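Structure assessment
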Amino acid sequence: MGTFTRGGDFRDRSRFLAELRGKLERMRNGPLRGASVNWREDAGTTRAILAGFGATLAFTVDESSWTCEANVPDWIPIPPSVLEAKFDEEFRDLKDL
């Protein structure tokens, strides 16, 4: 299974979470149609897990920073470098919040 991690900081947590929610919903209505998203709050930390087709994107959002751990099954016929580049393109504007 291929994995990669990303993360960063933000200034406005509410705005960051709203943008992240929107992005994950657009993905569920587009390229990951049929995927599920699970949101969980725990002591100031928000977790969002997008899962579908054997792949997962697990976001952890703290007070001023975020991380994402991606797991992609080996059977997906897209090179890991392409998936990472696509992720970076899709989520690059989160660091401006």
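Figured I'd write up the structure that's included with this text. Small disclaimer: the values here were computed from a predicted structure and weren't measured.

Here we come to the sheet that holds strand S3 (residues 45-52). The strand order across the open sheet built from 5 strands is S1-S5-S4-S3-S2, with neighbouring strands paired in antiparallel fashion. Where the open sheet ends on each side, the last strands, each with one partner, are strand S1 (2-9) and strand S2 (36-42). With strand direction ignored, the average angle separating the axes of adjacent strands in the sheet is 10°. Of the strand pairs in this sheet, S1 and strand S5 (residues 65-72) are connected by 8 bridges, and their pairing is antiparallel. Across the sheet, Gly2 pairs through a bridge with Val72, a residue of S5. Across the sheet, helix H1 (residues 13-28) lies against S2, S3, strand S4 (55-61) and S5, angled at about 160° from S2, the strand it touches most. Those strands touched by helix H2 (residues 80-91) are S1, S4 and S5, and its axis lies near 25° from that of S1.

Cut-offs used in this document
Residues numbered from 1 in each chain as written. Predicted model: local features only at pLDDT ≥ 70, side-chain atom pairs only at ≥ 80, totals over all residues. Heavy atoms only, no water. Pairing = 2+ DSSP bridges. Helix = DSSP H or I, 4+ residues; strand = E, 2+ residues; numbered from the N terminus. Axes fitted to C-alpha atoms, helices over the stretch in contact; angles between N-to-C directions. Contact = heavy atoms within 4.5 Å.

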